[in-house]
Amino acid sequence: MERRRLGRTDLSVTSLCLGTMTWGEQNTEQEAHAQLDRAIGYGLNFIDTAEAYPIPMKERPRDGPSATSETGSNSAKIATIS
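In this text the structure is predicted, and so the values were computed from the model without any measurement.

K.L.:
What's the story with the side chain of Asn 27 in this structure? I'm lost.
P.N.:
Considering the arrangement of structural elements, one finds Asn 27 in the loop between strand 3 (18-19) and helix 1 (29-41). By relative accessible area, which is 13% here, Asn 27 ends up buried. In terms of polar contacts, Asn 27 uses its side chain to reach the side chain of Gln 35, at 3.5 Å. Among all residues touching Asn 27, those that are not within four sequence positions of it are Thr 22, Ala 32 and Gln 35.

K.L.:
Teacher, can you tell me more about the nonpolar core here?
P.N.:
With 6 residues, the main nonpolar core is built from Leu 18, Trp 23, Ala 32, Leu 36, Ala 39 and Leu 44. It is helix 1 that provides the largest number of residues to this core, a total of 3 residues.

Rules behind the numbers
- Residues numbered from 1 in each chain as written.
- Predicted model: local features only at pLDDT ≥ 70, side-chain atom pairs only at ≥ 80, totals over all residues.
- Heavy atoms only, no water.
- Helix = DSSP H or I, 4+ residues; strand = E, 2+ residues; numbered from the N terminus.
- Buried < 20%, exposed > 50% of the residue type's maximum accessible area, 1.4 Å probe, protein only.
- Polar contact = N/O pair within 3.5 Å; in protein donor to acceptor, adjacent residues only side chain to side chain.
- Contact = heavy atoms within 4.5 Å.
- Core = buried A, V, L, I, M, F, W, Y, C linked by side-chain atoms within 4.5 Å.

Below is the structure:
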């Protein structure tokens, strides 16, 4: 897999990136782990776990947390590699 230098650093990342924003919303945790395993198996090392992209917020009950206090998905939790 092609790699590129990241900015002015000595870090090398793959030219492809795996986006994970919708993990936990549009797929299961098991599917997310399978996607990670496959990507890493191909040598991918660039994984975008941002949850800051605009997405439609879920409706909340009146007595529940406000929609603005919730991020869009569980991608960062699922993508954590220990």
